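# Inside the fold
The lines below spell out each chain.
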Amino acid sequence: MSRSAENTRPSKVYGLRHNTIPHAPRRLPIAKRWCLTDSRKAYRRRPHPLFGKRSIYYATNRLGYRCPGFDKDIVDDPAWFNLVVVGGSETFGVGLPLTDLYVNLLAARLEHYTGKKVAAWNLGLPMASSSHLARMLQPVITRLAPDFLFLNFPEQLGYREYFNDDDEIFFCEPGGAEHRRKISRFWDPEGLRVDRAHLGLESEFNNTVNFYNNYYYCEYLCEHHAIDWLYSAPDIGSNDSGANGFLKGKRLEKVISQFIAAGDDAGHLHLARDFIHPGVIPHQRYADAIFDRYVAQYGAGRAE
Amino acid sequence: MTQAPRSELSPEQLMPLFSDVAIPYTGHRDIGTVRWFGADSERHYLANKHPLLGPDDIEYAFNRHGYRCIEFDERERFDEDHLHLLIVGESHAFGLGLPEERSYGYLVARELQACTGREVQHWNLSQGGIGADYIARVLPSALAVLRPNFVILNFPNRHRREYIFADGNYMTCGDGDQVAGSVYTADRHDAVQSAHFEHAHDDSNRFNQWKSFIVCQRHLRAHNAMWVAQASFSMPPRFNQYIAMEKLVPGRIMDGRQALYKDKPGLLLARDGKHAGIGPHADLANDISGLITREYALEIRRLAEKQAQRAG
């Protein structure tokens, strides 16, 4: 990027909006029926016993999120309960239909519990990083006024996001990820350049610092606004390296991948159609775990 | 820029991140006491002599970890009467080109000593060329290990970003060619710099600086420290709701303060001819001391009264 251009360009502050939800990165390869690791090619190689070719439809709203449009009337209506979930590919639901996502299962339980209609605003995106959560938080709090906010910090820390001069956002995957997507130098030379730079600067130290800072930032904003919130995060550097000031009271004991039972008879129920992401059973158990934690933490007076 | 590669860090020197028992090593560890450092070089001095500061007037005494202060083990030696001032920032806060006793952190410590009647130990964890990332990374460990009563944070411009590599060394890249903490060969340095420029988008930098500030604020509140900061943000105004604006040092940043001394060359600049000199440091120290004593008047009065009772 040219330095002189950076200094003179009027900033559009794309990622830093405080009152509108930013568009999901336009370069994310989400087709109607296939998404990243959940590809037609992978499916042909290994079909899933439960989900067929047409079982999953990745319908996104106008801004690119896998949930209904952000309707201000619903958000502001006290008859509705705003459930907001921000996270990565598990939250987006790669390889799963909408009905099996933990976000929507949780919404169903909350609906029964609170007696209100629940709007499940799913701001999970595949390849999203903890930086995505931190950047989205301010507009989410301002625009969606969550009654309950769940932050699902991605389990792998190597995911990062970057901007370009046109305020587009690039999501980059960790260098060591097995299913790294190939970026074509013909179709997306800029994406490839950003990705190479990302690999050149990546290290476990940088990833840990980035994750910790994003967590602390999110915690600060949530506590500042006195929001009912919970989070799930990988256990990184907490014991070996000393201090870990993460709020224990708001943390889910397990991350979603810990609900995947290996070697189970019903193995196909534990994995999504791509055989990488968590499947139906982990999502169900995860939704139950979040619900139980929510009731224990904020339940008093919330039930109908 | 060509630099000889240094040996890899020993396991105990590998970067402890967010540790409550250890403060991370800097890129220039184990160098002891030196008379010239960084931009404050003998070569520059011989070409441009400073009106007030001679070759023997400045000593940079580094501790084992590479910071310009006493050894961190010494913290346990102090009795309860002692107060502790932590300063984390960039080259101005480090006091480049100035004797330690002329740097603003030291002057604030003396002022607080006068207000409270107690000895104030000054812990300077500043480094030249660092960015907001460095402050947010070092602060949690410094708060836990040094348990300071007062904290001053000096946030530099938002363009500086820090990268830590697998060998535990780190490097800060900015908007120009300046680099801090680089212990790598020219090839590696250039590769990192060009990767940095690929990502150094202005919105990303401003969000990063602001996020680092919020993270620091969170740590400071958790440790219940008395703190002030020097920072200028360029975020939409609605974001200011998260910042304790009253804790920000008012007035001009260091560069602005230098304009006040343009007719006094001996006071204007430090020995390196680039950084702020004795005058702007004294000016800033006055403002910071004023802000601390105003913001924490009650706490400081209590400290002074307690000390008076003990003495009585």
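Residues numbered from 1 in each chain as written. Chains lettered and ligands numbered in written order. Predicted model: local features only at pLDDT ≥ 70, side-chain atom pairs only at ≥ 80, totals over all residues. Heavy atoms only, no water.

### Description of the interface of chain B and chain A
Accessible area lost upon the coming together of the parts serves often as the stated size of an interface. Contacts between the two partners involve 46 residues from chain B and, on the opposite side, 46 residues from chain A. On inspection of chain B and its partner chain A, the count reaches 2 salt bridges. Between E219 of chain A and R218 of chain B there is a salt bridge, with the nearest N and O atoms lying 2.9 Å from each other. For the interface between chain B and chain A, the tally reads 13 residue pairs in polar contact (both at pLDDT 80 or more). Breaking the side of chain B that touches chain A down by element, the ones donating at least two residues are helix 4 (132-146), strand 6 (161-164), helix 5 (186-199) and helix 6 (202-223) of chain B. The greatest single-element share of the side of chain B that touches chain A, amounting to 14 residues, is contributed by helix 6 of chain B. Considering only residue class, the side of chain B that touches chain A consists of 21 nonpolar, 12 polar and 13 charged. (Contact = heavy atoms within 4.5 Å. Salt bridge = Lys/Arg side-chain N within 4 Å of Asp/Glu carboxyl O. Polar contact = N/O pair within 3.5 Å; in protein donor to acceptor, adjacent residues only side chain to side chain. Helix = DSSP H or I, 4+ residues; strand = E, 2+ residues; numbered from the N terminus. Nonpolar A, V, L, I, M, F, W, Y, C, P; charged D, E, K, R; others polar.)

### Let's talk about the pattern of salt bridges
Residues and elements named next belong to chain B. Inspection of every chain in the model, using the stated rule, returns 26 salt bridges over all chains. Of the charged contacts in the structure, one is a salt bridge between D203 and R206, with a shortest N-O distance of 3.7 Å. Of this pair, D203 and R206 both sit in helix 6, 3 residues apart, which is roughly one turn of the helix. In this pair, the class of D203 matches that of R206, namely buried. (Buried < 20%, exposed > 50% of the residue type's maximum accessible area, 1.4 Å probe, protein only.)

### Points about the state of the cysteines
Residue and element names in this part refer to chain A. Taken as a whole and assessed by the stated rule, the structure comprises 0 disulfides over all chains. Between C35, a cysteine without a disulfide, and C67, which holds the nearest cysteine sulfur, the sulfur-to-sulfur distance is 15 Å. The class of C35 is buried, set by a relative accessible area of 1%. (Disulfide = S-S within 2.5 Å.)

### Looking at helix 3 (residues 104-116) of chain B
Residue and element names in this part refer to chain B. The terminal C-alpha atoms of helix 3 lie 18 Å apart, and with 13 residues this matches the ideal 18 Å at 1.5 Å per residue to within 8%. If you check which residues of helix 3 are buried, you get Y104, G105, V108, A109, L112, Q113 and T116. At the exit of helix 3 stands G117, carrying a positive phi of roughly 75°. (Expected span 1.5 Å × (residues − 1).)

### Here we look at the nonpolar core
The nonpolar side chains of soluble globular proteins are, as a tendency, buried together. If you look at the biggest cluster of nonpolar residues, it comprises 150 residues, and the most contacted ones within it are L123 and L151 of chain A together with L125 of chain B. When residues of this core are assigned to their parent elements, the largest contribution, 11 residues, is made by helix 8 (residues 204-224) of chain A. Once residues lying within four places of it in the same chain are set aside, the contact partners of L151 of chain A are V86, L133, L137, C218, C222, W229, L230, Y231 and S232 of chain A. One finds F37, L53, L98 and I278 of chain B within the second-largest nonpolar core, a separate group that totals 10 residues. (Core = buried A, V, L, I, M, F, W, Y, C linked by side-chain atoms within 4.5 Å.)

### Some words on the confidence of the model for chain B
Keep in mind that low pLDDT regions are not for reading the predicted coordinates in detail. Residue and element names in this part refer to chain B. When pLDDT is averaged across chain B, the result is 88; 92% of the residues are at 70 or more. Contacts of residues 1-7 to residues separated by more than four positions or lying in other chains number 14 contacts, the stretch itself having pLDDT below 50. Interface predicted TM-score (ipTM) for the complex: 0.91; the corresponding pTM is 0.92. (pLDDT = per-residue confidence, 0-100.)

### Here we look at the packing of aromatic side chains
The final tally for this structure, using the stated rule, is 46 aromatic pairs over all chains. Taking 5.6 Å as the distance between ring centres and 85° as the angle between the ring planes, the aromatic pair formed by Y216 of chain A and F246 of chain A counts as edge-to-face. One end of the pair, Y216 of chain A, is in helix 8; the other, F246 of chain A, is in the loop between strand 6 (229-232) and helix 9 (267-270), with 30 residues separating them in the sequence. Exposure class is identical for Y216 of chain A and F246 of chain A. Each is buried. Put simply, the rings of F153, F211, Y212, Y215, Y216, W229, Y231 and F246 of chain A together with F18 of chain B touch in pairs and so form one group of aromatic residues. For the cation-ring pair, R110 of chain B lies above Y106 of chain B, with the distance from its terminal atom to the ring centre recorded as 4.6 Å. (Phe/Tyr/Trp six-rings, centres within 6.5 Å; stacked < 30°, edge-to-face > 60°. Lys NZ or Arg CZ within 6 Å of the ring centre and 35° of its normal.)

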